[in-house]
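Observations on the three-dimensional arrangement
This is what each chain is made of:
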Amino acid sequence: MRLLIIGSLGGQIGAASQIAMRRGAKVTQADDVDGALSLLRSGAGADLVMIDVTLDVHAFISSLDAERIAVPVVACGVSTDTRAAVAAIRAGAKEYVPLPPDPDLIAAVLEAVARQDLDIIFRDSAMDRVLQIADQVAPSEAGILIIGESGTGKELMARHIHQRSKRAEKVFVAVNCAAIPENLLESELFGHEKGAFTGAVARRIGRFEEADGGTLLLDEISEMDVRLQAKLLRAIQEKEITRVGGNQPVKVNVRILATSNRNLQEESRKGTFREDLYFRLNVVTITLPPLRDRPQDVAVLAEHFAAKYAELNGLPLRKISPEALRLLQRHTWRGNVRELENTIHRATLLASGPDIGPEAILLTDDQGNPIMPDAFAAVPMSHSPLVDHAYGTVQIAGESATGSLVGRTVADVERDLIIDTLRHTIGNRTHAANILGISIRTLRNKLKLYSEQGFSVPPPGEADSTA
């Protein structure tokens, strides 16, 4: 973990920094926002930023967004001013930590925010064979192409390979090629010089230079434009890059891993992916099986996620009931492990009995329609706990019920569930999207539609005024 501290915070987190370093973290410090941005632009990188709330948190996070520097931010302060805390959260900070607390508490918050599950949880023999191949090729310098449907854990596999490689002590840098606009991806990869284009306010080191000596993951590489693929191929072959707007080649020593949810051979035949780049990346291919082909993994993953989200949300650990487990094992899991994780996260929040029962399991069919478990199919809707929990009538964080489902459209029920979940997360769009099992983009589009239709949508960072 690379921790960047901005400001002195009255000297209150020195002990926590020492704890973080003893746990293997690399800690750097900047006096102000400009100094921190300079460090991040220079390629120093950070997995987590802790910023003094007396500094301009909004300006800092706005600059991160404008320059596409993705890093979670935690605001801290020695003041008891709650308005400063609220302002920091509204600006985009993930957490606010009042100081001075126990240093161990700070370290725990940092770990919770920056923690990544790197262990691959499995029991099925299909995954056993895949892990054997991954572990065998990990110590090499070969490029590896990881293929699999969305949600199968391709990035997790890439991190697994990095941790078992000769570069494990060096940095791992991931770039989501599908999430970055086409006209900005070249700058993201290779960096740019000041003034190279509108908005290039300073020199920015790209991901290739940031990953020098370590591993660079090109996530969903099939989404990269063909013209940029040619520049990428040259960078891999020549082991050098040129920043946008620059003319001085820069040598880089990077191991390339790439992922795709498409068949790149087929994409090559269609002309949407360069065949020479495919062969350069594809020294070794690791194919991750979909969850439906790993039936023995459903139970072990579900129990793992139940424990994870119980701890994360400060809830009691509940076992998954046999009825709920049968429901999970019958599902087709179009979204694979990611869909299962989101389902168990929701179930952990919705469960109220001694275990996680089928009434807490929210599933949809191939058309996105709610699935009602057989055990509750014969229960009148007005008395069904499943209906109460799953489809818009659950009391979330003290909210009142929204009424019977009879006579209501799926769109209406979906809207109520989305808005109730957003109230539960106090307006936090990212948390709500994770709980609902949809992308943040889908959530924002739906909320925009609801607002245009005249429905009250909780603003970011605030609870609904009627809650």
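The structure reproduced in this document is the subject of the present report.

What counts, and at which threshold
Residues numbered from 1 in each chain as written. Predicted model: local features only at pLDDT ≥ 70, side-chain atom pairs only at ≥ 80, totals over all residues. Heavy atoms only, no water. Buried < 20%, exposed > 50% of the residue type's maximum accessible area, 1.4 Å probe, protein only. Helix = DSSP H or I, 4+ residues; strand = E, 2+ residues; numbered from the N terminus. Pairing = 2+ DSSP bridges. 1 Å grid on protein atoms, 1.4 Å probe; cavity = no way out; pocket = protein on both sides within 12 Å on 5 of 7 lines; lining within 4 Å. Points joined across faces, edges and corners; volume = space filled by probe spheres on them. Contact = heavy atoms within 4.5 Å. Axes fitted to C-alpha atoms, helices over the stretch in contact; angles between N-to-C directions. Phe/Tyr/Trp six-rings, centres within 6.5 Å; stacked < 30°, edge-to-face > 60°. Lys NZ or Arg CZ within 6 Å of the ring centre and 35° of its normal. Core = buried A, V, L, I, M, F, W, Y, C linked by side-chain atoms within 4.5 Å. Salt bridge = Lys/Arg side-chain N within 4 Å of Asp/Glu carboxyl O.

When a strand is regular, its side chains alternate between the sheet's two faces. Of all six residues in strand β11 (residues 255–260), six are buried; the element is thus mostly enclosed. Neither face of β11 is exposed, since Arg255, Leu257 and Thr259 on one face and Ile256, Ala258 and Ser260 on the opposite face are all buried. Inspection of the sheet shows strand β6 (residues 144–147) paired to β11 by four bridges, in the parallel sense. Directly across from isoleucine 146, in β11, lies its bridge partner threonine 259. For strand β8 (residues 215–219) and β11, the ladder comprises four bridges, and the chain directions are parallel. Paired with leucine 218 across the strands is alanine 258, a residue of β11.

Before going further, it helps to spend a moment on unusual backbone geometry. If you check the backbone angles, lysine 239 has positive phi at about 55° while not being a glycine. In this fold, lysine 239 is placed in the loop between α10 (226–238) and β9 (240–241). Residue classification places lysine 239 among the exposed residues on the basis of a relative accessible area of 52%. Unusually for a residue other than glycine, tryptophan 333 sits at a positive phi of about 55°. As for its position among the elements, tryptophan 333 is in the loop between α14 (322–330) and α15 (336–350).

Of the voids in this model, the second largest pocket is the one considered here, and its volume is about 310 Å³. Together, 17 residues line the second largest pocket, and Glu141, Ile236, Lys239, Val254 and Ile256 are the ones closest to its centre. Secondary structure elements with two or more residues in the lining of the second largest pocket: α10, β11 and α12 (275–281). A per-element tally of the lining of the second largest pocket places α10 first, with three residues.

We now examine the environment of leucine 64. With respect to the helices, strands and loops of the structure, leucine 64 is situated in helix α3 (residues 57–66). For leucine 64, a relative accessible area of 3% translates into the label buried. Spatially, the C-alpha atom of leucine 64 lies 9.2 Å from that of leucine 40, the residues being 24 residues apart in sequence. Sequence-distant contacts of leucine 64, that is, excluding residues within four places in its chain, are made with Leu37, Leu40, Ile69, Val71 and Val73.

Right, let's talk about the sheet that holds strand β12 (residues 284–287) for a bit. Pairing in this open sheet of five strands is parallel, and the strands run β7-β8-β11-β6-β12 from one edge to the other. Where the open sheet ends on each side, the last strands, each with one partner, are β7 (172–176) and β12. This sheet shows a mean twist of 20° between the axes of neighbouring strands, independent of strand direction. Judged from the five bridges that link them, β7 and β8 form a sheet pairing that is parallel. Bridging from a neighbouring strand, asparagine 176 pairs with aspartate 219 of β8. Docked against the sheet, helix α6 (residues 125–137) engages β6, β11 and β12, running at close to 150° with respect to β12.

The full count for this structure, using the stated rule, is two aromatic pairs. Centroid distance phenylalanine 190 to phenylalanine 208: 5.5 Å. Interplanar angle 35°. Geometry classified as tilted. Of this pair, phenylalanine 190 sits in helix α8 (residues 182–190) while phenylalanine 208 sits in helix α9 (residues 207–210); the two residues are 18 residues apart in sequence, bridging distant segments of the chain. In terms of burial, phenylalanine 190 and phenylalanine 208 fall into one category: buried. Taken together, a centroid distance of 5.3 Å and an interplanar angle of 55° make the contact between tyrosine 278 and phenylalanine 279 tilted. We note arginine 415 situated over the ring of phenylalanine 455; from NZ or CZ to the ring centre the distance is 3.9 Å.

This brings us to the nonpolar core. Membership of the largest hydrophobic core comes to 34 residues, with the highest contact counts inside it found for Ile320, Leu328, Leu340, Ile344, Ile356 and Ile361. The set of elements that each furnish at least two residues to this core consists of α13 (297–312), α14, α15, α18 (410–424), α19 (429–436) and α20 (440–452). Contact partners of isoleucine 344, with chain neighbours within four places excluded, come to Ala302, Phe305, Ala306, Ile320 and Leu328. Ranked by size, the runner-up nonpolar core spans 32 residues in total, among them Leu185, Leu228, Ile241 and Ile256.

On to the sheet that holds strand β5 (residues 95–98). Spatial strand order, β2-β1-β3-β4-β5: five strands in an open sheet with parallel pairing. Each edge of the open sheet carries a strand with a single partner, namely β2 (26–30) and β5. Taken over all neighbouring pairs, the strand axes of this sheet differ in orientation by 20° on average, direction set aside. Taken together, the four bridges between strand β3 (residues 48–52) and strand β4 (residues 73–77) define a ladder with parallel strand orientation. If you follow valine 49 over to β4, its bridge partner there is valine 73. Along the sheet, α3 contacts β1 (2–6), β3 and β4; its crossing angle with β3, the most-contacted strand, is approximately 155°.

Summed over all chains, the structure comprises 28 salt bridges. Salt-bridge contacts for aspartate 47 lead to arginine 2; the nearest nitrogen and oxygen are separated by 3.4 Å. Of this pair, aspartate 47 sits in the loop between α2 (33–41) and β3 while arginine 2 sits in strand β1; the two residues are 45 residues apart in sequence, bridging distant segments of the chain. According to the relative accessible area criterion, aspartate 47 is partly exposed, its value standing at 31%. The buried category is assigned to arginine 2, whose relative accessible area is 16%. Here glutamate 267 makes a salt bridge to arginine 262, at a shortest N to O gap of 3.7 Å. By relative accessible area, which is 7% here, glutamate 267 ends up buried. Arginine 262 gets classed as partly exposed once you look at its relative accessible area, which sits at 36%. Ionic contacts of the salt-bridge type, sharing partners, join the residues Arg2, Asp47, Glu188, Arg204, Arg207 and Glu210 into one network.

What follows deals with the side chain of arginine 207. Within the element layout of this structure, arginine 207 appears in helix α9. Leaving out residues up to four positions away in the same chain, arginine 207 has contacts with Arg68, Val173, Ala174, Val175, Glu188, Leu189 and Leu216.

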